[in-house]
Amino acid sequence: MLDVALAAAERGWHVFPLLPSRKIPALHGERTCTGTGPCENGHRKWEQRATTDADRIRAAWSRAPFNVGIATGPSGLLVVDLDTPEHKGSSDAPDGAATFRALCERAGHAVPDTYRVRTASGGTHLYFTTPPGIRMTNTQGTVADSVDTRAWGGYVVAAGSTTPTGTYEALCSPVVAPLPSWLQSILQPASKPSRGPSMAVAGQSRRYADVALAEECRNVAAAQVGQREAKLFRAARALGRFVAWGDLPRHVVEEALQTGGEAAGLSASECRSTLRSALDWSIAHNQTRRATA
């Protein structure tokens, strides 16, 4: 895994450790931050701590066989995530590869030829470089059903990393294509007058969101039989507002609550189905930011 991390860094991709055999960052959270080391001037999250420095990478991966996370934003990447129906928790869910291929056909373009990674769940990651000076963010279903993207605020698991469901595997040569302009036009939001909160309020909201995520995950993991699905549903609805407001990436909330639900004894498919419906509802009904304290 050290070799995987170093190889990614050589390409200019900013990496950070994920828990061995997991997809979760192996870094402390804000509540347990001691304010020392890299956090001596304030808590630094995984996106801020992701690095291309070979010495830091060797030091980190000497401690454990961590999986490798790639912080897409700092790396100048946008990764298109094509999910499988099974990953969405239902055989009736659309196949991400099929819907993306249909989108390309409607746009009059072939599916872009770029570096691709097969995920452990059988989906596909398509890597693209972002235009200089353009700050792309994560999206959920904006491109098409079962097609998400990871950019600033998101990360992907590097090829070579392994989870209990399988290994992330590179499918082609390592050449990463530029983001197609037609795809960028779908992803790039139209300019709107700024009506957001002040920087101070936004920072306070993000800190509140981190605390809420940790507390909700603990509550879900500790749920008793007969209460587990209801607690997971309520937690997802409560946290969905932070996804809608841009304080938490959806995939981070989904993965954290998925882990908590499975720890409580729910099956993976039960967790995915509950999370999808609850988060979809909460995001749709919380487009306007309200006070969080």
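Residue numbers run consecutively from 1 along every chain, following the written order of its sequence. pLDDT decides what is reported in this predicted model: residues at 70 or higher carry local features, side-chain atom pairs at 80 or more are listed and counted, and totals for whole chains, interfaces and linings draw on all residues regardless. The side-chain values count all of the structure's non-hydrogen atoms but skip hydrogen atoms and water molecules.

Draft legend 1. Structural context of helix α9 (residues 268–284). Over its 17 residues, α9 runs 24 Å from end to end, which matches the ideal 24 Å to within 8%, given 1.5 Å per residue. Within α9 the residues assigned to the buried category are C271, T274, L275, A278, L279, S282 and I283. End-on view of α9: buried residues confined to an arc of 140 degrees, all on one side of the axis. Any pair of residues with heavy atoms lying within 4.5 Å of one another is described as a contacting pair. Secondary structure elements follow DSSP: runs of H or I no shorter than four residues count as helices, runs of E no shorter than two count as strands, and numbering proceeds from the N terminus. Residues of α9 that are buried sit in contact with α7 (228–244) and α8 (250–264). Each residue after the first adds 1.5 Å to the expected span of a helix. Burial status follows relative accessibility: with a 1.4 Å probe on protein chains alone, a residue under 20% of its type maximum counts as buried, one over 50% as exposed, and anything between as partly exposed. Arc definition: it is the arc formed by the directions from the helix axis to the C-beta atoms.

Draft legend 2. A look at the sheet that holds strand β1 (residues 14–18). Should DSSP find at least two bridges between two strands, the strands are regarded as paired. Across the sheet, three strands lie side by side as β1-β2-β8; this open sheet has antiparallel pairing. Strands at the two margins of the open sheet, each flanked by one partner only, are β1 and β8 (155–157). On average, each strand axis in the sheet is tilted by 35 degrees relative to the strand beside it, whichever way the strands run. Angles shown run from 0 to 180 degrees and are taken between the N-to-C directions of axes, each axis being a line fitted to C-alpha atoms and, for helices, limited to the stretch in contact. Helix-sheet contacts for helix α3 (residues 54–61) involve β1 and β2 (67–71), and the interaxial angle to β1 is about 10 degrees.

Draft legend 3. Region of interest: unusual backbone geometry. Even without being glycine, S21 reaches a positive phi, approximately 65 degrees. We classify S21 as partly exposed; its relative accessible area is 38%. The phi dihedral of S146 is positive, around 65 degrees, even though this residue is not glycine. If you trace the backbone, S146 turns up in the loop between β6 (139–144) and β7 (147–150).

Draft legend 4. Here's a closer look at the pattern of salt bridges. By definition, a salt bridge exists where a carboxyl oxygen of Asp or Glu is found within 4 Å of a side-chain nitrogen of Lys or Arg. According to the stated counting rule, one finds seven salt bridges in the structure shown. For E215, the salt bridge identified is with R31, shortest N-O distance 3.9 Å. Of this pair, E215 sits in helix α6 (residues 199–221) while R31 sits in the loop between β1 and α2 (46–49), and the two are 184 residues apart along the sequence. With a shortest N-O distance of 2.8 Å, R250 and D280 are connected by a salt bridge.

Draft legend 5. Local environment of the packing of aromatic side chains. Aromatic rings from Phe, Tyr and Trp, with only the six-membered ring used for Trp, were paired whenever their centres fell within 6.5 Å, and each pair was classed as stacked if the ring planes differed by under 30 degrees, edge-to-face if by over 60, and tilted otherwise. All chains considered together, the criterion is met by eight aromatic pairs. When the centroid spacing of 6.0 Å and the interplanar angle of 40 degrees are considered together, the rings of W13 and Y115 count as tilted. Taken together, the residues W13 in the loop between α1 (2–10) and β1 and Y115 in the loop between α4 (96–107) and β4 (116–118) connect sequence positions 102 residues apart. A relative accessible area of 7% places Y115 in the buried class. Pairing Y115 with Y127 gives two aromatic rings, centres 4.8 Å apart and planes at 70 degrees, and the pair type is edge-to-face. Of the two residues, Y115 is situated in the loop between α4 and β4 and Y127 in strand β5 (residues 124–129); the sequence distance between them amounts to 12 residues. For Y127, a relative accessible area of 0% translates into the label buried. Through pairs of rings, three or more aromatic residues link up here, namely W13, Y115 and Y127. The lysine or arginine in question, R135, covers the ring of W152, its NZ or CZ lying 4.0 Å from the ring centre. The ring of W281 is capped by R237, whose NZ or CZ atom sits 3.6 Å from the centre of that ring. As a reminder, the over-ring test applies to NZ of lysine and CZ of arginine, requiring each to be within 6 Å of the ring centre and within 35 degrees of the ring normal.

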